[in-house]
Amino acid sequence: MKLNPRKELKLELLDTRRVKGKDGEIHACEGQAFTRHVCSGGLHMNEVFYTRGHVMKMPAKDKQYINHEINCSILCGSFHTNWGHSRKFREWYEYIQRGRYGNHAVDTYLAEFPTKLA
Ligand SMILES: [Zn+2]
């Protein structure tokens, strides 16, 4: 079975992302490392820096840009609703991603966003 790139990435991140929460336990929801909360509502892959809104009017190939490991976090539904859209979370997540992937990779990803509309 061939999964689309987004589903593939989600499965990969579900498999590989584990964070130490504020409670000292290991969690699949990355929000546990940001703030203590009760996870609920399932685990989802969410875009952090560039969202669907940013690529809505772009050609199909550019739409894929948001499906990138630097841009995507694994969060529970509850965390995403309460903190996922806050600037504080985005800033924190950028710091986390710089630690994981290095400044160069994060800077390159953020800078190369396809802005030219077809
Ligand atoms: Zn959670």
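What counts, and where the lines are drawn
Residues numbered from 1 in each chain as written. Predicted model: local features only at pLDDT ≥ 70, side-chain atom pairs only at ≥ 80, totals over all residues. Helix = DSSP H or I, 4+ residues; strand = E, 2+ residues; numbered from the N terminus. Buried ≥ 20, exposed ≤ 12 C-beta atoms within 10 Å, placed from the backbone. Core = buried A, V, L, I, M, F, W, Y, C linked by C-beta atoms within 7 Å. Contact = placed C-beta atoms within 7 Å.

Participant: How should I be thinking about the overall build of the protein chain in this particular structure?
Facilitator: A count of helices and strands for the protein chain gives 6 helices and 4 strands. Based on the C-alpha atoms only, the size of the protein chain along its principal axes is roughly 45 × 35 × 25 Å. In the protein chain, which comprises 118 residues, the share counted as buried stands at 17%.

Participant: Would you mind going over the nonpolar core with me for this structure?
Facilitator: One recurring pattern in soluble globular proteins is that nonpolar side chains are buried together. Of all hydrophobic cores here, the largest spans 6 residues; its members are Cys29, Leu43, Ile74, Leu75, Cys76 and Phe79. Broken down by element, the residue count for this core peaks at 3 residues, all from strand E4 (residues 72-76). Those residues within four positions of isoleucine 74 in sequence are excluded, and the remaining contacts are Leu13, Leu14, Arg17, Ala28, Cys29, Glu30, Leu43 and Met45.

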